[in-house]
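# Inside the fold
For reference, the chains in residue letters:
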Amino acid sequence: MNEENGSNSLIDFGLAEDKSKNIIKVIGVGGGGCNAVNNMYDEGIVGVTFAACNTDSKQLSHVSVPVKLLMGESGLGAGGNPEKGKEEAEYSHEAIRKLLSDGTQMAFVTAGMGGGTGTGAAPLVAKTARDMGILTVGVVTLPFYFEKKRKIKKALLGVMEMKRNVDALDSPLMYGNDIHKAKKILFNIYASDKAPIFVREMQEIDEFFDQLDPNIEVIWGIATDNPLEDDVKVTILATGMEDALNEQRYNGDNAGKGDVIDDEYLESVISLLYKPMKKEIPSIPEDNKNAADGEDEEPQLIIEGGPDEPAVVEEEEKQPKENPLLRRMRTWILNSRITKTLLAEE
Ligand SMILES: Nc1nc2c(ncn2[C@@H]2O[C@H](COP(=O)(O)OP(=O)(O)OP(=O)(O)O)[C@@H](O)[C@H]2O)c(=O)[nH]1
Ligand SMILES: [Mg+2]
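Below is a summary of the structure that appears in this document. (Residues numbered from 1 in each chain as written. Chains lettered and ligands numbered in written order. Predicted model: local features only at pLDDT ≥ 70, side-chain atom pairs only at ≥ 80, totals over all residues. Heavy atoms only, no water.)

## Some thoughts on the site of ligand 1
- Near ligand 1 you find 16 residues, and of these Gly32, Gly80, Thr117, Gly118 and Glu147 are the closest.
- Within the backbone of Gly31, a nitrogen or oxygen atom sits 2.7 Å from an oxygen atom of ligand 1.
- The fraction of the free accessible surface of ligand 1 (630 Å²) that becomes covered by protein chains is 72%.
- When residues of the shell around ligand 1 are traced back to their parent elements, those giving at least two are α1 (30–43) and α5 (117–131).
- When its residues are assigned to classes, the shell around ligand 1 shows three nonpolar, eleven polar and two charged. (Near = heavy atom within 4 Å. Polar contact = N/O pair within 3.5 Å; in protein donor to acceptor, adjacent residues only side chain to side chain. Areas by Shrake-Rupley, 256 points an atom, 1.4 Å probe, with all protein chains shown as cover. Helix = DSSP H or I, 4+ residues; strand = E, 2+ residues; numbered from the N terminus. Nonpolar A, V, L, I, M, F, W, Y, C, P; charged D, E, K, R; others polar.)

## Things to note about the pairing of strand β6 (residues 184–191)
- With respect to burial, β6 is a largely interior element, six of its eight residues being buried.
- Bridge analysis of β6 against strand β7 (residues 217–224) gives eight bridges, and the strand direction is parallel. From the neighbouring strand, Ala191 faces β7, where its bridge partner is Thr224.
- For the handedness criterion, the β-α-β arrangement of β6, helix α7 (residues 199–210) and β7 is classed as right-handed. (Buried < 20%, exposed > 50% of the residue type's maximum accessible area, 1.4 Å probe, protein only. Pairing = 2+ DSSP bridges. Right-handed = clockwise from strand over helix to strand, strands pointing away.)

## A word on the state of the cysteines
- Taken as a whole, this structure holds zero disulfides when the rule is applied.
- The structure places no disulfide on Cys34, whose sulfur is separated from the nearest cysteine sulfur, that of Cys53, by 6.7 Å.
- Take Cys34: its relative accessible area is 2%, and that puts it in the buried class. (Disulfide = S-S within 2.5 Å.)

## Observations concerning the sheet that holds strand β4 (residues 106–112)
- Within the open sheet, the five strands sit side by side as β3-β2-β1-β4-β5. Their pairing is parallel. The open sheet has two free edges, formed respectively by β3 (68–70) and β5 (135–141), since each of these has just one partner strand. Along the sheet, successive strands turn relative to each other by an average axial angle of 20°, direction set aside.
- Of the strands in this sheet, β1 (24–29), β2 (49–54), β3 and β4 are in contact with helix α4 (residues 93–100), which crosses β1 at around 150°. (Axes fitted to C-alpha atoms, helices over the stretch in contact; angles between N-to-C directions. Contact = heavy atoms within 4.5 Å.)

Below you can see the structure in the form of structure tokens.
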């Protein structure tokens, strides 16, 4: 019933407000976080509401998400300083609470770690949500390796702070990335009315899930997305994977040191998370081509464009090591008409 339209009748056929759309909110914090929510908003993702929070008024003015919150007073950004980002968020604590007081029951807080706002303010936004009893998930990215270690270390400290303030932190970069070890998967398939999903394609999905932990908990759904036309889009949210940070903490040299986070620890986490992608192709050197197995020989690198005939290398070996989750998905995509995949990171 709608009392606001002045009707006293018992039966009111006026349009009811859809309150369910407020249940899930995706909040972008900082430049990277706001870019992420902006992309989702522009893509027309339905069923969730978006909010963009930043300390940088200029960046915020370019965001098309209608709900925006300028945190802090200056409007000038946090200049790469997480402490400043945190202070600005603390200043706007009440406004953050208000933003979440619209019936939100689940919040995804997303940020690019490594700058000032996302790194410093996102944990506070997450804490505010969780303190309000909202199921809070963090989705963060770490800097690219080319952004260098100083920034990566700053980002890792932010991630650790984030972990303390969310119910299940998720980032494809944060874990060993092995979806085989996932404990829970939230899975949605989008197809157009013109080209709905076929049973045959559902069997492909079966095959994909057959490769995962048999005890995995799967929640899934199908939704219509007509602009996809002949394509299909899949959204996967996988949680419960091995956490490289925790593994290192409990199994590495720092095991038992509690919350001590020193440079050595950060260095060791970086070497775990940023494994170099080597494209080394072992080959038998010309002189030893006929030698039995060449067991004692060091594998040689083939220099591309060299005078020798190229070694015949299995396609599998040529491929650089990459995120197994993405590789799995790609394998799967090749077998079906799914051409677009949206993962938490992409
Ligand atoms: N993939 C991707 N990563 C981004 C993007 N923008 C920022 N990032 C990442 O997020 C990190 C933090 O950058 P920002 O989000 O711009 O920083 P901020 O949180 O706004 O912090 P300040 O500007 O210092 O207040 C960067 O180091 C990048 O690794 C983006 O558009 N795409
Ligand atoms: Mg910024």
